[in-house]
Amino acid sequence: MQPNVQAARDALAHLDIDENPASLKAKSRDFFWYSPVLKARMDHLQGDFVVAPRTEAEVIEVLRTCYAHDVPVTTRGAGTGNYGQAMPLAGGCILHTRNLAKVKEVHPGRVIVEPGCLLKDLDAECINRSAQEIRMFSSTWATATIGGFIAGGSGGVGSCTWGSLRDLGNIIRLRVVTMEAEPRVLESRGEELARVSHAYGTNGIITEVEIPLA
């Protein structure tokens with residue numbers, strides 16, 4: 001581990017850190033190996049440590065600390081993508097969203113949820129609370145997260161009725177944190193959503209999602 005990476009890891013030691021070798025390797029991979037081209041080029045990639053923030057404040061702390069120490073951050077949900085979207089190309093910190101999984105509010109026609117919530121759990125919670133369901137989900141809905149679906153997905157079950165995930169109306173609002181010396185919390189709606197949806201977390205870490213229900 002490079003000295004700057006170690007310094008960032010040490011500064012974040014009070015958070016939920018994972019450095020178990022087997023776990024670290026597993027959390028550094030998605031289903032990239034479906035492609036023989038990607039497998040040959042990416043099979044060696046691995047992060048240096050995993051941190052799983054529990055709150056938006058902890059997300060901000062991780063991004064501020066890693067920025068200060070020049071440590072790359074790769075955001076990860078469940079890692080069900082097939083193209084290396086969740087893989088650390090340059091080592092560093094893997095920001096895992098598994099602890100950000102709360103269904104925060106369910107209203108008529110909409111739900112507010114954290115990014116690490118599995119699509120199947122989100123759908124079940126909406127049905128249980130309000131007899132409504134999410135309008136669109138991926139084929140990997142049993143294991144994929146809502147944040148990963150929005151950050152890397154394009155459509156799925158429900159698209160025949162509602163269109164592409166990025167079509168206006170299929171996402172109501174996204175709350176994201178930027179990686180800067182002093183991270184900013186930004187909210188996007190309408191046409192602004194295209195800046196952060198399907199961007200794989202490269203220009204902002206999603207910390208809250210609002211989507212429509214049917």
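These figures come from a predicted structure and were not determined experimentally.

Here is what the cut-offs are and how they apply
Residues numbered from 1 in each chain as written. Predicted model: local features only at pLDDT ≥ 70, side-chain atom pairs only at ≥ 80, totals over all residues. Heavy atoms only, no water. Helix = DSSP H or I, 4+ residues; strand = E, 2+ residues; numbered from the N terminus. Expected span 1.5 Å × (residues − 1). Buried < 20%, exposed > 50% of the residue type's maximum accessible area, 1.4 Å probe, protein only. Phe/Tyr/Trp six-rings, centres within 6.5 Å; stacked < 30°, edge-to-face > 60°. Pairing = 2+ DSSP bridges. Salt bridge = Lys/Arg side-chain N within 4 Å of Asp/Glu carboxyl O. Contact = heavy atoms within 4.5 Å. Axes fitted to C-alpha atoms, helices over the stretch in contact; angles between N-to-C directions. Patch = residues over 30% accessible without salt bridge, like charges linked within 9 Å, V, L, I, M, F, W, Y side chains within 5 Å. Areas by Shrake-Rupley, 256 points an atom, 1.4 Å probe, with all protein chains shown as cover.

J.: What is the right way to read helix H4 (residues 56-68) from this model?
T.: Three- or four-residue spacings in an α-helix give side chains the same orientation, since the helix completes a turn every 3.6 residues. Taking 1.5 Å per residue, 13 residues should reach 18 Å; H4 reaches 18 Å between its end C-alpha atoms and fits that length. Taken residue by residue, H4 has Glu58, Val59, Ile60, Val62, Leu63, Thr65 and Cys66 as its buried positions.

J.: How do you make sense of unusual backbone geometry when you look at a structure like this?
T.: Most of the time, phi is negative for any residue but glycine, and the peptide bond is trans. Backbone geometry at Asp70 places phi at a positive 55°, although glycine is not the residue there. In this structure, Asp70 sits in the loop between H4 and strand E3 (73-76). In this structure Asp70 comes out as exposed when scored by relative accessible area, which is 64%. Despite not being glycine, His198 shows a phi value in the positive range, around 60°. Along the chain, His198 falls in the loop between strand E8 (185-189) and strand E9 (205-212). Of the residues examined, His198 reaches a relative accessible area of 26% and is grouped as partly exposed.

J.: I would appreciate a short explanation of the packing of aromatic side chains in the present structure.
T.: Geometry of an aromatic ring pair is reported as the spacing of the ring centres plus the angle between the planes. In this structure the tally under the stated criterion is four aromatic pairs. Seen in terms of ring centroids, Phe31 and Trp33 are 5.6 Å apart; in terms of plane orientation they differ by 45°. Their pairing is tilted. Since its relative accessible area comes to 30%, Phe31 is described here as partly exposed. The class of Trp33 is partly exposed, set by a relative accessible area of 39%. Here the aromatic rings of Phe31 and Tyr34 are separated by 5.6 Å at their centres, their planes lie at 50°, and the arrangement is tilted.

J.: What's the story with the pairing of strand E4 (residues 93-96) in this structure? I'm lost.
T.: The alternating pattern of E4 places Cys93 and Leu95 and Ile94 and His96 on opposite faces, both of which are buried. With three bridges connecting them, strand E2 (residues 49-51) and E4 associate as parallel partners. In the sheet register, Val50 faces E4, and the bridge partner there is Ile94. Across four bridges, E3 lies against E4 in parallel orientation.

J.: What is the right way to read the pattern of salt bridges from this model?
T.: Oppositely charged side chains may form a pair once their charged atoms are brought near each other. Applying the stated criterion to the full structure yields 18 salt bridges. Between Arg175 and Glu56 there is a salt bridge whose closest N-O contact spans 2.6 Å. Taken together, the positions of Arg175 in strand E7 (residues 173-177) and Glu56 in helix H4 put the pair 119 residues apart, joining distant regions of the chain. Notably, a salt bridge pairs Glu182 with Arg64, separated by 2.8 Å at the nearest N-O pair. Residue Glu182 is found in the loop between E7 and E8, and its partner Arg64 is found in helix H4; the two are separated by 118 residues along the sequence. Residue Arg64 is classed as partly exposed on the basis of its relative accessible area, which comes to 31%. Taken together, the shared-partner salt bridges in this structure form one network comprising Glu56, Lys104, Arg110, Arg173, Arg175, Glu187, Glu208 and Glu210.

J.: Explanation requested: the sheet that holds E3 in the structure shown.
T.: Note on sheets: strands pair through backbone hydrogen bonds, and any given pair is parallel or antiparallel. Taken in spatial order, the four strands line up as E1-E2-E4-E3 in an open sheet, and their pairing is mixed. Two strands in the sheet have a free side with no partner beyond their single neighbour: strand E1 (17-18) and E3. This element, H4, spans E2, E3 and E4 of the sheet and lies at about 170° to E4.

J.: Just checking my understanding: could you explain a nonpolar patch on the surface for this structure?
T.: Taken together, the side chains of Phe31, Trp33 and Tyr34 define a hydrophobic patch exposed on the protein surface, amounting to about 320 Å² of accessible area. Counting through the fold element by element, Trp33 comes out in the loop between helix H2 (21-26) and helix H3 (36-42).

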